[in-house]
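Chain residues, written in single-letter form:
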Amino acid sequence: MEITPSLLALQLVTGIALGAVYALLAIGLSLIFGMLTVVNFAHGAFFMVGAFVGLYFLGLTGNFWFSLVLTPLVVGAIGLVTERFLVRPLYGRGIDYPLLLTFGLSWVLIEAMRVMFGIEGIPSSTPPELRGAVDLGFGYFPKYRLFLILATAVIVLALWLFLEKTRYGLIVRAGSRDGEICKVLGIDIARVWLVVFGIGTGIAGLSGVLAAPTRAVNPEMGIHVLAESFVVTVVGGMGSLPGAVLAGLLVGIVFSLTSLFAPDLAELSIFVLMAVVLLIRPQGFFGKKGLLS
Amino acid sequence: MRDLFALVKRHRVAAVLLFLLVFPLLMPYHALAINILLFGLFAVGFNLLFGYTGLLSFGHAAFLGVGSYLTGIALVHGGWPWWLAMVAGVAAAGVAGLVIGFLAIRTRGIYFSMVTLALGQIVYYAFYKAERWTGGENGLRGIQVPEIHLGPWVLDFINPVTKYYVILAFVAVALWFVSRILASPFGAVIEAVRENDRRAAACGYDVARTKLLVFVLSALICGLAGALRALHLSIVPIDSLHYLLSGQAVMMCLLGGMGTFFGPFVGAAVFLTLEDVATVFTKHWMAIVGAVFMVFVLFFPSGMWGTLVKRLERVR
Amino acid sequence: MSQKPANLRRRRIVMAGTAMATAPALFNIARAQAGTIKIGFPVPLTGAFSAEAQDQVRAAELAVKEWNAAGGHKGQMCELLVRDDKLNPGEAATRTLELIEKDKVNFVVGSLSAATQLSINAVTRERKVLFNSISQSDAINEAKDWSLYTFHEALNPHLTAGAVGRYAFPKFGKRVVYLTADYAYGHEMVRGFQRAGQAFGVQTLADIRHPLGAADYSAFLPRIQALKPDILVLCNFGRDLVNSAKQATDFGLKQGTKIIAPVLLFTSRLAGGADAFEGILGGTSYYWGMEDKIPSAKKFNDAFRKAYNGAVPSDYGALGYAGIKSVLQAVKDADATDSTRVSIALRQLKYDWYKGPQFYRKCDHQSVQSVVIVESKSKGMKDKNDVFNVLAIEAADEKNLRSCEEMGHKVTT
């Protein structure tokens, strides 16, 4: 097989587009873990719910941009309810319990979508304004995937601005550093955790509606995605946002390049990457050391 | 009541076995009863690591699967007699436990869980790709053990009741083994590690070696469950190695009660029966099982058996 | 020491006892009645192929109803025991064990994936129960898995891929790339295509394996773009096909390349939509639109429409129908209800239930049947079910199957 520079370049861009979706997913997961020390096993399910909700709003309003705005709000709201009534009672019981609870929750969410939207899933297509492929010089690349890369960049930037430049973002960062002190300083830390959980799940839902045009939307679509999200979050470091973004891109590129040279090993390669990182540097790129049970 | 309970606790293995002896009469069909035996054993093996040592592994399906596959491969490709094939399966699971355990115990907490997940998936892909030996996605077929010869007796292994009691014999031995471990000084060290492993280290125990040893023991038990499962189903499906099966072990232990001897069995019985019954009534069994599970996590963290034990212990 | 009143304690014991005694009764709800011919029907009612499975159940129930309405066999009626195998081979084996041991079924028909049918077969052949499989697999007919009691009503990958190849290769070109799901079924499809392609001088530029169930194929597409093949074969199934078709369209692969798939499922096409499948052709065992060419298809469609409010049967649904009908006809022919005699009768059966003449090849019990080549439609659709154009029907021919010797069978009659 001939590997030309243009093929490599196109493969790289593909990897970055893949990585963008991974990064978005990992951000939500990492945020929730960093702040609440909760491993959200329902993350893939929220992604899937986002895809369905997004398509529903698209069908209702006919406008893709509306659904982009509404979906994370709806999914985030579900996240808020989840945190308040299902996860909050479990704090202080150890790291395993919220993990197990969200595991059960994922089953319920999947079945709920089956009941609401049917077992076969719903057809999704690229919004008309983003259809078609663009000639990048070294190959044709779908316009929509370029949009995905752009959208991810915008979301990451917005999140960064929120965390670094706003007062509430400061509170969130402080809370993840030391919740006790925040409480002492008079901050309602429970409310902060609630909001963060909502943001995390909202972003998961947003990645779902963004990913929906590129793949089949069915109730099982989140299961596959969950394992990949964990790989990325671990590699980047649980609790680190720049880590999630970097790791997302790295995993996307690794997967893409492995697919070029040894396609049947591509999926295995990301798990090997995960194992290697965990064994050599468990906190990943930028994770906090000592984040244990 | 209290005296009865104390008696049961002292002879827990005998009590469990007594229950399991009459179990087939309670169950409407034997394949379910056998599945409960097998998954109960799997959960007991898993519980050794999870409930008693406090290490949540998400890759335990690897040991069940390795036990199943190596038993199957020895039977189908090697032509070994069934009992020797089982030895191969269990031994292989033990080796897998040694390797994975050695790598995994270098990490702690949530990273331990993640690394077991990753390593378990690597084992899954390895067996998936080795199509010539394992049948890949089609599974390993050709495991046929129609009869078991024990000296002068010939047992019809296809008869479900006979099969149940043969498997029960193995499960009984394994349960006795686990009970002995837990009652021994080593058992106390395990629980000490769960409560506070730094402190256990400070007291002079070799925590790493303890963890590794428990890992291997757990793998051996799960491997035995796998070997028996291969003989029961006559095939080894590829999802024996998938993390969803590992997740089921966690669910069963939680439903039944981690850190109790009989809890995992109860959990396995409840989980499998619930799935079975729910499937008969509705297509939405997944929501029901998921909801029940959430209820248990929130309100009965000690599981069904664990809560019962706690209640009985409080009656004074 | 608790001072519970005696009758409270007694009440508890009675309640516990009642609960234990009635527990088995809960399961008996699904039990079959005595004195009937029972056919077990394990299919994945939940999971990725639930839509196809539910159609299989509908069609199978239609077949049973028709047979019972015609008097059954000497007054013995047939009862269909449907079970959910959750697309999981371990679960399928357990269900089959339950059907045989507890429900005492006479025969088993079913399954919708290679892995599950092989696991059901492992259980049924050991217990000498007839099993008629209604989904694709190359392996089930091979000597290793085969038994006197193993029958295969559905198409197999080799035949399907070969038929599609024989149609497409002369029309669209010689330079072929395969995007293959990395499991036995995918490999078998490729083998079928390559075998058929030999006669046309077809050149395999690449056989790219992707993980089964992958959602995102973008990583594989640049290479295919660079190779610029005449034909891109999407050697996967169901949702994988929907995803890969969509993304191949997004990457502009349809310009200059003809995309073909070995199996185009009716339900996948409905779920995936017209855009993704535009211009794609493939094979199938049945499409309802054949009814203007094949009289038995019209008869079957009309019966299905009457029973199910105007709905039309899908490809896999029709297999459910045929699988049951063949077995029940064999019961009549053998004048018996035990698996051995019915199997022998099934071997001799010649039938035409819904798509033209069929029979089971003696050496491996594969149903020799036609393959339909269809192309996805996006314009001029008369209603929501009018999704395919029938391009050709390759007639039933034993020569298109792999030879008995190749499958490991020593006895060919």
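Residues numbered from 1 in each chain as written. Chains lettered and ligands numbered in written order. Predicted model: local features only at pLDDT ≥ 70, side-chain atom pairs only at ≥ 80, totals over all residues.

Novice: Lay out the interface of chain C and chain A in plain terms, naming residues and giving numbers.
Specialist: The partner chain A presents 35 residues to the 32 residues of chain C that form the contact. Counting residues per element, the ones that place at least two in the side of chain C that touches chain A are helix 2 (50-69), strand 7 (203-210), helix 7 (221-227), helix 8 (239-250) and helix 9 (266-272) of chain C. It is helix 8 of chain C that provides the largest number of residues to the side of chain C that touches chain A, a total of 6 residues. Classifying every residue of the side of chain C that touches chain A by side-chain character gives 13 nonpolar, 11 polar and 8 charged. (Contact = placed C-beta atoms within 7 Å. Helix = DSSP H or I, 4+ residues; strand = E, 2+ residues; numbered from the N terminus. Nonpolar A, V, L, I, M, F, W, Y, C, P; charged D, E, K, R; others polar.)

Novice: Could you give an account of helix 6 (residues 184-198) of chain C, with specific residues and numbers?
Specialist: Residue and element names in this part refer to chain C. Taking 1.5 Å per residue, 15 residues should reach 21 Å; helix 6 reaches 21 Å between its end C-alpha atoms and fits that length. Of all 15 residues making up helix 6, 11 are buried, and the element is well covered by its neighbours. Packed against the buried residues of helix 6 are helix 4 (114-126), helix 5 (157-172), strand 6 (175-181), strand 7, strand 8 (231-235) and strand 9 (258-263). (Expected span 1.5 Å × (residues − 1). Buried ≥ 20, exposed ≤ 12 C-beta atoms within 10 Å, placed from the backbone.)

Novice: Lay out the interface of chain B and chain A in plain terms, naming residues and giving numbers.
Specialist: Every contact between the two is made by 29 residues of chain B and, on the other side, 31 residues of chain A. Elements represented by at least two residues in the side of chain B that touches chain A include exactly helix 6 (110-129), helix 12 (243-256) and helix 14 (285-299) of chain B. Partitioned by chemical class, the residues of the side of chain B that touches chain A number 21 nonpolar, 6 polar and 2 charged.

Novice: Explain the nonpolar core to me, and be specific about the residues and the numbers.
Specialist: Within the largest apolar cluster, 340 residues are counted, with the highest numbers of intra-cluster contacts made by Val251(A), Met274(A), Tyr321(C) and Val327(C). The dominant element in this core, judged by the number of residues it contributes, is helix 1 (residues 5-36) of chain A, at 19 residues. Here this core gathers at least three residues from each of two domains, domain 1 (37-155 + 293-369) and domain 2 (158-284 + 373-394) of chain C. When neighbours within four sequence positions are excluded, Val327(C) is seen to be in contact with Ile39(C), Phe107(C), Val109(C), Leu130(C), Asn132(C), Val342(C) and Leu346(C). (Core = buried A, V, L, I, M, F, W, Y, C linked by C-beta atoms within 7 Å. Domains from an automatic or database assignment.)

Novice: Lay out unusual backbone geometry in plain terms, naming residues and giving numbers.
Specialist: Here the phi dihedral of Ser234(B) falls at roughly 65°; this positive angle occurs in a residue that is not glycine. Among the residues examined, Ser234(B) registers 24 C-beta atoms within 10 Å and is labelled buried. A positive phi angle, near 50°, is found at Lys228(C), a position not held by glycine. Inspection of the secondary structure assignment puts Lys228(C) in the loop between helix 7 and strand 8.

What is shown is where atoms sit, not what they do.
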